[in-house]
Amino acid sequence: MSLSIIDVDKVYNVKLETSPYEYIVVSDFIKEAWKDKLIQAYPKVKAAGSFPLSTVSCSPEFMQLIDELNSEAFRKAIEKKVFA
């Protein structure tokens, strides 16, 4: 899968922080061309909380982001960062 929304190179290039635990902060990993599209595509929810995707109406653009976040390419970038 080719990632058109996520800039996976930014994940590879960010420093792994180790205190007080391992974590990364990846700034601007959503490609510029997608930022406004995704803000508009974000599901409309009527209450605060956490909702399964199956319970909200998601646009194709938002689902593409979810697919990229669940992709093998993104998983490998995270694994390489954490388990390097």
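That block above? That's the structure.
Cut-offs and rules
Residues numbered from 1 in each chain as written. Predicted model: local features only at pLDDT ≥ 70, side-chain atom pairs only at ≥ 80, totals over all residues. Heavy atoms only, no water. Phe/Tyr/Trp six-rings, centres within 6.5 Å; stacked < 30°, edge-to-face > 60°. Buried < 20%, exposed > 50% of the residue type's maximum accessible area, 1.4 Å probe, protein only. Helix = DSSP H or I, 4+ residues; strand = E, 2+ residues; numbered from the N terminus. Lys NZ or Arg CZ within 6 Å of the ring centre and 35° of its normal. Arc of directions from axis to C-beta. Contact = heavy atoms within 4.5 Å.

1. Structural notes on the packing of aromatic side chains
In the structure shown here, the tally under the stated rule is three aromatic pairs. Taking 5.4 Å as the distance between ring centres and 55 degrees as the angle between the ring planes, the aromatic pair formed by Y21 and Y23 counts as tilted. Here Y21 falls in the exposed class, since its relative accessible area comes to 53%. Taking relative accessible area as the criterion, Y23 reaches 31% and is therefore assigned partly exposed. Centroid distance Y42 to F62: 5.3 Å. Interplanar angle 80 degrees. Geometry classified as edge-to-face. Remark: F62 occurs in helix α3 (residues 60-69) and Y42 occurs in the loop between α2 (32-41) and α3; sequence separation between them is 20 residues. Residue Y42 is classed as exposed on the basis of its relative accessible area, which comes to 52%. If you follow K37 out to its NZ or CZ, it ends over the ring of W34, 4.4 Å from the centre.

2. A closer look at α3
Turning to α3, its buried residues number three or more, namely F62, L65, I66 and E68. One face of α3 carries all of its buried residues, which in axial projection span an arc of 165 degrees. Next to the buried residues of α3 lie α2 and α4 (72-83).

3. Here we look at the environment of W34
Looking at the secondary structure, you find W34 in helix α2. W34 gets classed as buried once you look at its relative accessible area, which sits at 12%. Placed 18 residues apart in sequence, W34 and L16 show a C-alpha to C-alpha distance of 26 Å. Those residues within four positions of W34 in sequence are excluded, and the remaining contacts are S4, I5, E61 and Q64.

Everything listed is a geometric property; what it means functionally is a separate question.
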